[in-house]
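Here's the letter readout for the chains.
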Amino acid sequence: MEQTTVAVIGAGFAGLAAARALRAHGIDVRVLEAADRVGGRAQTERSAAGTPVDLGGQWVGHQHARMTTLAREFGMTLFPTPEVGKAVVVDGGRRLRIGPLTAAAAGAALLRLELLARKGASSRWDEVTVADWLARVLRGRARRLVEAVLPEATACDLDRISVGALAVGIRSAGGLRVMLGTAGGAQESLLSGGAGGLAEKLAAELGSAVHLGRPATAITRSADGVTIATPAGPVRAARAIVAVPPPVAAEIRHHPPLPSERMYVQDNLRMGTIYKAIAVYDRPFWRERGLNGEIIALDGPVPASFDISPPGGPGHLCVLIPGGAAEALDRLTGAERRDTVLAAVAGQLGDAALNPLSWHEKSWHLDPYVGGGYTAIPRPGALDALADAARPTVPIHWAGTETASKWSGYLEGAVLSGERAADEVRAALRSTCLGVHSKS
Ligand SMILES: Cc1cc2nc3c(=O)[nH]c(=O)nc-3n(C[C@H](O)[C@H](O)[C@H](O)COP(=O)(O)OP(=O)(O)OC[C@H]3O[C@@H](n4cnc5c(N)ncnc54)[C@H](O)[C@@H]3O)c2cc1C
């Protein structure tokens, strides 16, 4: 049987960061990845212009210290998210000017959310969905504006997330302004080689320790470790780090069965629903009209678009379509989806949008190995599922962005969670002296 000291399940940023941290201390690791690629919710393709295009996670925030350091260590640069020109808000296909009263009402509701996040929402807020709450506190266009913005930030329809869960997300990101912001916020920068490109570099450093196409199907826990079943044979390890989104980890069988607290976590978190597309053009033509590529639409198939063009390079325009709107696109053919999205964008940015050099898309909720994005969200009434997501089921340790106390749902949270799980494992191995060759 294959033996290692620590088996890491999942080669997203969390699993790769965990494996790297353990390796740095001379601990033997093996990473088992179900898909035929690394990166999980980070995946980079090449455009027709030869530029990297991120189908998944892309932005690195101002405060994302670990992602920034990793990018530099692997020779990647960060460039600022372009912000040249004006954003447009659209309703019924027509551009809107948001008046001061609408802006003030929407701002007041967002401020209430921010305050709840700061002081910690009480459990009663976990019983109220954001949709119900907004229906009570806002009306008219101000409500529709907030209803357009918040699903972009959560990848979730607002009747599927509680005010309490949203407040926890806001708190984990250091506030709404940071969460929604570009310069100084979570969308400040983009990676020169793409987030998926960085994951590939992390995996390349780990070399033959990373095994692709190797799903963990079952884990048997015993007094001296774990045995992980995979289609290519079992792997024996002293400890396992499961760095798989909790709803997807629920597919792995356990012997003995997992304790009820852990089942509660897996049963009560659901992945967000998100479709992302990137259209690549020879130049960011929208800037010639004084626009910054950002569209916020209060109705229609495309709620938002963003300019993510590299400096001096071709034009990259990305759309993020969450929740039910994403599921509606799933019912179309690929060609119909592209036409639908590009027609909506062209209505605001101009007909040049209709003819990209290349087109890249992914419905993340249809990816069997990650199940959606940006992250897993607790069912209304089950917020404590998130709080318990990181608690180990010895000898299993849980990683993944959902288990991070800071930046949960982001690439940064994934890295932090992997490094935290690696620390837990090192401490456990030190105390049991199991097969460790520690350099520290
Ligand atoms: C469209 C989209 C846009 C996003 N935008 C941003 C952004 O701009 N900035 C940002 O910071 N974050 C963003 N995110 C979120 C970010 O991508 C995630 O938080 C992060 O990538 C999660 O990493 P992870 O390692 O925790 O999990 P994952 O990346 O999901 O990794 C889990 C891995 O486990 C593997 N796996 C699953 N089951 C098994 C099994 N049984 N055995 C072995 N392997 C298994 C999967 O294949 C996968 O590789 C975005 C996400 C999406 C989907």
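These numbers come from a predicted model, not from an experiment. (Residues numbered from 1 in each chain as written. Predicted model: local features only at pLDDT ≥ 70, side-chain atom pairs only at ≥ 80, totals over all residues.)

Time to look at the domain arrangement of the chain. Considered domain by domain, the chain is made up of domain 1 (2-39 + 194-269 + 376-432) and domain 2 (102-176). On a C-alpha basis, the centres of domain 1 and domain 2 stand 31 Å from each other. Across the contact, 11 residues belong to domain 1 and 13 residues belong to domain 2. Residue composition of the side of domain 1 that touches domain 2, grouped by class: 6 nonpolar, 4 polar and 1 charged. (Domains from an automatic or database assignment. Contact = placed C-beta atoms within 7 Å. Nonpolar A, V, L, I, M, F, W, Y, C, P; charged D, E, K, R; others polar.)

Of all 10 residues in helix α6 (residues 163-172), 10 are buried; the element is thus mostly enclosed. Of all the positions in α6, only Val 163, Gly 164, Ala 165, Leu 166, Ala 167, Val 168, Gly 169, Ile 170, Arg 171 and Ser 172 are classed as buried. Downstream of α6 by one or two residues, Gly 174 has phi in the positive range, about 80 degrees. (Buried ≥ 20, exposed ≤ 12 C-beta atoms within 10 Å, placed from the backbone. Helix = DSSP H or I, 4+ residues; strand = E, 2+ residues; numbered from the N terminus.)

Taken together, 40 residues surround the ligand, and among them Gly 10, Gly 12, Gly 40, Gly 57 and Gly 373 come closest. Within the residue set of the shell around the ligand, elements represented by two or more residues are α1 (13-24), β16 (274-281) and α14 (411-432). Here the residues of the shell around the ligand sort into 24 nonpolar, 12 polar and 4 charged. (Near = placed C-beta within 6 Å.)

On to the sheet that holds strand β9 (residues 189-191), then. Taken in spatial order, the 3 strands line up as β5-β9-β6 in an open sheet, and their pairing is antiparallel. If you trace the sheet from one side to the other, it starts and ends with β5 (59-60) and β6 (78-80), each paired once. Across 3 bridges, the pairing between β6 and β9 is antiparallel. By the bridge assignment for β9, Pro 80 is matched with Ser 189. (Pairing = 2+ DSSP bridges.)

Once that is clear, we can look at the packing of helix α3 (residues 100-119) against helix α5 (residues 140-154). At their nearest, the axes of α3 and α5 sit 8 Å apart, and the two run at 50 degrees to each other. Comparing their axes, α5 and α3 come out oblique. Read as a crossing pair, α3 and α5 show a hand that is right-handed. Contacts between α3 and α5 pair Thr 102, Ala 105, Ala 106, Ala 109 and Leu 110 from the former with Arg 141, Ala 142, Leu 145 and Val 146 from the latter. (Axes fitted to C-alpha atoms, helices over the stretch in contact; angles between N-to-C directions. Parallel < 35°, antiparallel > 145°, perpendicular 65-115°, else oblique. Left-handed = near helix turned anticlockwise from the far one by under 90°.)

This part is about unusual backbone geometry. The linkage connecting His 255 with the following residue, Pro 256, adopts the cis geometry, with an omega of -10 degrees. With respect to the element layout, Pro 256 can be found in the loop between β14 (253-255) and α10 (260-268). Of the consecutive residues Val 394 and Pro 395, the connecting peptide bond is found in the cis state with omega at 5 degrees. The residue Pro 395 is located in the loop between α13 (384-387) and β22 (396-398) in this model. Non-glycine residue Trp 407 carries a positive phi angle of around 60 degrees. Along the chain, the position of Trp 407 falls in the loop between β22 and α14.

With 132 residues, the main nonpolar core has Ala 18 and Ile 241 as its most contacted residues. When residues are assigned to domains, this core turns out to be shared by domain 1 (2-39 + 194-269 + 376-432) and domain 2 (102-176), each giving three or more. Contacts of Ile 241, omitting those with residues within four sequence positions, involve Val 6, Val 8, Ile 9, Gly 15, Ala 18, His 397, Ala 399, Ala 421 and Val 425. (Core = buried A, V, L, I, M, F, W, Y, C linked by C-beta atoms within 7 Å.)

Turning our eyes to something else, we now look at the sheet that holds strand β19 (residues 315-322). Read across the sheet, 7 strands follow the order β8-β7-β17-β18-β19-β16-β20 without closing on themselves; strand pairing throughout is mixed. Both edges of this open sheet fall to β8 (94-96) and β20 (358-363), since each of them pairs with a single strand only. Adjacent strand axes in the sheet meet at a mean angle of 25 degrees, parallel and antiparallel pairs treated alike. Across 3 bridges, the pairing between strand β18 (residues 304-307) and β19 is antiparallel. Along β19, the bridge assignment pairs Ser 305 with Val 319. Contacting β16, β19 and β20, helix α11 (residues 323-330) runs over the sheet at an angle of about 105 degrees to β19.

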